Amino acid sequence: MNPSCDDADGWSWWPAPAKLNLFLHITGRRADGYHQLQTVFRLLDWGDRIGLRLRQDGQIRRQGASLPGVAEADDLAVRAAVALKKAAKTDQGVDIVVEKHVPAGGGFGGGSSDAATVLVALNRLWRTGLDPDALAALGLQLGADVPVFVRGHNAWAEGIGEQLTPIDLPPAWYVIADPGVHVPTPALFADPDLTRDSPMAKIEDFVSGYLSGNAFEPVLRRREPAVEAVLAALSDIGTARLTGSGSGCFVEFPSQQAAQAGRAELSKELRAWVVAGVGRSPLLDALERN
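Residues numbered from 1 in each chain as written. Predicted model: local features only at pLDDT ≥ 70, side-chain atom pairs only at ≥ 80, totals over all residues. Heavy atoms only, no water.

A. View of the packing of helix α1 (residues 76–88) against helix α2 (residues 110–125). One way to put it is that α1 packs onto α2 with a least axis distance of 8 Å and a crossing angle of 35°. The handedness of the crossing between α1 and α2 is right-handed. When α1 is examined against α2, the residues Leu 76, Ala 77, Ala 80, Ala 81 and Leu 84 are found in contact with a partner set consisting of Gly 111, Ser 112, Ala 115, Val 118, Leu 119, Leu 122 and Asn 123. A class-by-class count of the residues in the contact of α1 with α2 yields nine nonpolar, three polar and no charged. (Axes fitted to C-alpha atoms, helices over the stretch in contact; angles between N-to-C directions. Helix = DSSP H or I, 4+ residues; strand = E, 2+ residues; numbered from the N terminus. Left-handed = near helix turned anticlockwise from the far one by under 90°. Contact = heavy atoms within 4.5 Å. Nonpolar A, V, L, I, M, F, W, Y, C, P; charged D, E, K, R; others polar.)

Now the structure itself:
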């Protein structure tokens, strides 16, 4: 991903990396209705790009189109800036551009990562001085996946996804694919076929290879023929998996060469990319350079 940089018009550009869930189990349900889960977040060297330009009039404005059907005030990137402005009690403003590459609704975390990048980068640009814990807490108000992007490390996650333990993962490359369908997450959580009582596991279970699967996969396979078709196609080149609660699918490979060879075996019509897994978010690298 491109590093952040300033251009002649006052814009700075910041990476908003996507993620994969290497497995995802639902272990129960809290009294407030939220489901408890266990998962491993893997950050990718691929994602959206966020442009920020400071304003002196205090306004927070989204430049360019948002996702279809999403009002500017409801855009996660805008909401992140508003939350930071309120928490930091600053009178500064910003223009925001989101250069989208991550498919919406795919389970790749695009919207959450956009929000996290706005929080982290604006905290630097506005010089508001909030520490990572405070930024992660702000992020949790926007979505359960935002804190992992704020912290910027691969993680074992529990709770609703916000209880994070950093985890070292071996180098890997992925063929990821987008079936092009978007099923609202509440509908998936409400599905009677969803397994909600997986036994609690430990990090050691994942490291040993014992943990696998995604609780949403059988539900999406049944509900969405496009997901079934993509998983079947990917199964020809490796172990096909689902990420998050979206429709995105992936296969892991040990090298870029192996991943590219796998992609070459798939139909050119399939929306698929070869991307690298990383141990540290490109956003943190961008912060160090600026």
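B. Inspection of unusual backbone geometry at higher detail. Not every positive phi belongs to a glycine, and Lys 89 is a case in point at roughly 55°. Of note, Lys 89 is situated in the loop between α1 and β4 (93–99). Positive phi outside glycine occurs at Arg 127, with the angle close to 55°. Position of Arg 127 relative to the elements: it lies in the loop between α2 and α3 (132–142). In this structure Arg 127 comes out as exposed when scored by relative accessible area, which is 76%. (Buried < 20%, exposed > 50% of the residue type's maximum accessible area, 1.4 Å probe, protein only.)

C. The pairing of strand β10 (residues 272–278), seen in detail. Most of β10 is tucked away, with five of its seven residues classed as buried. Bridge count between strand β2 (residues 35–55) and β10: two bridges; the pairing is antiparallel. From the neighbouring strand, Leu 43 faces β10, where its bridge partner is Val 278. As paired elements, strand β7 (residues 173–177) and β10 share five bridges and run antiparallel to each other. Bridging from a neighbouring strand, Val 175 pairs with Val 274 of β10. (Pairing = 2+ DSSP bridges.)

D. Expanded view of the nonpolar core. One finds Leu 52, Leu 84, Val 94, Ile 96, Leu 119, Leu 122 and Val 150 to be the most contacted residues of the largest nonpolar core, which totals 40 residues. When residues in this core are grouped by element, the largest group, seven residues, is from α2. Leu 52 has contacts with Gly 10, Trp 11, Ser 12, Trp 14, Val 94, Asp 95, Ile 96, Ala 121, Leu 122 and Leu 125, leaving out every residue within four places of it along the chain. Counting residues in hydrophobic clusters, the runner-up holds 26 residues, among them Val 175, Leu 194, Leu 231 and Leu 270. (Core = buried A, V, L, I, M, F, W, Y, C linked by side-chain atoms within 4.5 Å.)

E. Representation of the layout of surface pockets within the structure. If you add up the space inside the largest pocket, you get close to 1400 Å³. In this structure, the largest pocket is lined by 50 residues; those nearest its centre are Leu 76, Ser 112, Asp 145, Thr 185 and Ser 245. Contributions of two or more residues to the lining of the largest pocket are made by β1 (12–29), β2, α1, α2, α3 and α5 (185–189). Class assignment for the residues of the lining of the largest pocket results in 22 nonpolar, 19 polar and nine charged. (1 Å grid on protein atoms, 1.4 Å probe; cavity = no way out; pocket = protein on both sides within 12 Å on 5 of 7 lines; lining within 4 Å. Points joined across faces, edges and corners; volume = space filled by probe spheres on them.)

F. Looking closely at the side chain of Arg 62. The topology assignment puts Arg 62 in strand β3 (residues 60–62). Classification of Arg 62 as buried rests on a relative accessible area of 10%. Reaching out from Arg 62, the side chain makes a polar contact with the side chain of Asp 75 at a distance of 2.2 Å. Setting aside anything within four residues of it in sequence, one finds Arg 62 in contact with Glu 72, Asp 75, Val 78, Ile 96 and Val 98. (Polar contact = N/O pair within 3.5 Å; in protein donor to acceptor, adjacent residues only side chain to side chain.)

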